[in-house]
Each structure stands twice: as structure tokens, then as C-alpha cells.
Amino acid sequence: MDYKNFSKQLETISGITITPFKKYSKEIDWDGVKENVEFLIRKGLKVIVPCGNTSEFYSLTIAEAKEEIRRVVEYVDGRALVIAGIGYAVDTAIEMGSYAKDVGADGVMIHMPIHPYITNNGATAYFRKVIQSVDLPSIIYFKDPHLSDDILHELAPLEKFVAVKYAVNHLPRFTYTTQTLDPNHHVTMICGTAEKWAPFFYQAGAKGFTSGLVNVYPEKSFELLEALQRSDMEDVWKIWREILPFEELRAKYNSGNNVVVVKEAMNLLGLNAGVTREPVGELSQADKQAVTDLIKDWGITLQTTES
């Protein structure tokens, strides 16, 4: 495995998949998963991430998460990299990562451990054990602002550690970490908080960004990426202003709207998003109207569907 080359392939948009649930049973609509993956592939995504937070990872059982990884690998069929989200207890994360390897995933994204008593050395040990135990390139999802970036410096020499999905919106901190990581360790820094923050992180050294918007309007996400890559800042800020209201709506209620806004928009466009699972609730009527208005402002034709 050429881990340096793999790291370079992540310098793009990482599309986080949507998990569509059926309206009444809340079972996963696997036909919908396939439709959504085909949509992303057709629109040019080269990195697809099942079982991310926008996939409602924490509402899935371990069996469902494994099945989603397996099916997404099957549906992608080598047309893009599949980076499988894994997490929970360290042994569970290793089990999920080994399963992802067995079914043909290209890499894993290790979720930040959810634990009330996490420490820097404990988080370092967690990530190290998963990276060393799973025979795939690993991305760390770094999300907890209370943990030190020293974790990333300590783990950077690990050969299979290829990227950080950095989701702490503290630009001086991110900039310092990016500038002080040894480039010989081939760790690609990715803006983990989507298009809203992508221009700022890109200027600070990020090489790509994650996106939920790609499930709705991938053309606009690629416009932003391409403008950033050619350093056309006038175009960057024009595109950013067009995207910002959508991302601000997702950020409401301490990002409680993150998934449901994307699903509402997809359903309005005739895509298969389904409903959300608890603890993600429905949108308020006011927020639903706001999504409708945003889609109209973008000039995209609405299509109502049953979910």
C-alpha cells in the first residue's frame, strides 16, 4: 500500500452518505441507499463515506452499520474510494474496521470516542490501537475541542494514519497544528465542518472538505472546491454566500438540524432520503419552509415525494 499516494487522493470532497429510513418502520431503505450512492458517483464524487455522522451513525446497530458498509462498497464497485466510518468501544471499532477490510472498503474513518471521561492519553491510546489493528488506511475524526492536538502529532508517524477530518472550528489552533505536522508523515488535513468553514480551513492548510450538501447540490460543492484550488477568492466568496444559508440552517440547535435539513432538501428534489431516526427529530414548519425557499433560490425544481 502506497499510503502517501492514498493520502493525496483525499485532497477533494469527502461525501458523507445519507441513510434513508422508511417512514413507519424506521428500517433502512436499502434501495434508497443504492440510489443515493449512484447519485454521488454520477455527480463525480471520488471519496464516499458511509457511516459518518450525517449518515446517522449513532442511530445504527453494529449489524446495520456493517451492512451499510458492505452494500456501499458493492454499489460503488471501485468507482470511488469508500471510507467506512467505525467507532464505539475500541474492540468494536477494530471489529468494524476488520469487517470493512474484508468486504473491500478502501479505508476507515475512526469516530471520536463518545465517553464522559475521555483524556488525551486515553484518546491517543484508542486511536493508536485501532490504527495498528486495522489493515487499512485510517482517518481520524477529530471533533472534541477539549482534547489536545498533541494527539495528532504523537500519532502522525504511524504509517497507516493518512488524514484528519478536523472538526474543531478554531482556526489558529488548526493552522498551528497543520504547520507543525511533519510533511514526511503524509497526513492530509481535511476541513471536517463542510462548506461553511471550507474557505477558512483551506487557507490554513486543509486540502479538502467533508460535505453533506453533495447529497443535495453537488454541483455547488464542486464549484467551491474548484474555486479554492485555483485560488479565485472572488469566486470562492460568491459561491460561499450562496451555500451559507443552507449550512446555517443545518447548524441550528447546536447542529441538531444537521441531518434533517439535508433529508428535507433531498425529499423536495425527488431523491430518496426517507425520515430520520430518534434522537433526530422532524423539522419545524418554519425550518421546512426555509429549506423550500433555499431550494427555490438556487433555481432547482422542487419535486415532492412520499418518504
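Preceding block: the structure.
In this report, we go over the structure that sits alongside the text. No experiment lies behind these values; they were computed from the predicted model shown.

## Quick look at the packing of helix α10 (residues 233–250) against helix α13 (residues 285–297)
Running from amino to carboxyl end, α10 crosses α13 at an angle of 160°, the nearest separation of the two axes being 10 Å. Here α13 runs roughly antiparallel to α10, going by the angle between their axes. The handedness of the crossing between α10 and α13 comes out as left-handed. Where α10 abuts α13, its residues Pro-245, Phe-246 and Leu-249 lie against Asp-287, Ala-290, Val-291 and Leu-294. Per-class residue counts for the contact of α10 with α13 are six nonpolar, no polar and one charged.

## Notes on the sheet that holds strand β8 (residues 208–211)
In a beta sheet, neighbouring strands are held together by backbone hydrogen bonds and run either parallel or antiparallel to one another. Spatial strand order, β1-β2-β3-β4-β5-β6-β7-β8: eight strands in a closed barrel with parallel pairing. Averaged over all neighbouring strand pairs, the angle between strand axes comes to 25°, with direction disregarded. Sheet topology places strand β6 (residues 161–166) next to strand β7 (residues 188–191); four bridges connect them, and they run parallel. By the bridge assignment, Val-164 is partnered in β7 with Met-189. In the packing of helix α4 (residues 90–102) onto the sheet, the strands contacted are β3 (81–86) and β4 (107–110), and the crossing angle to β3 comes to about 160°. On the sheet, helix α9 (residues 218–229) packs against β1 (13–16) and β8 and is oriented at approximately 170° with respect to β8.

Rules used in this analysis
- Residues numbered from 1 in each chain as written.
- Predicted model: local features only at pLDDT ≥ 70, side-chain atom pairs only at ≥ 80, totals over all residues.
- Heavy atoms only, no water.
- Axes fitted to C-alpha atoms, helices over the stretch in contact; angles between N-to-C directions.
- Helix = DSSP H or I, 4+ residues; strand = E, 2+ residues; numbered from the N terminus.
- Parallel < 35°, antiparallel > 145°, perpendicular 65-115°, else oblique.
- Left-handed = near helix turned anticlockwise from the far one by under 90°.
- Contact = heavy atoms within 4.5 Å.
- Nonpolar A, V, L, I, M, F, W, Y, C, P; charged D, E, K, R; others polar.
- Pairing = 2+ DSSP bridges.

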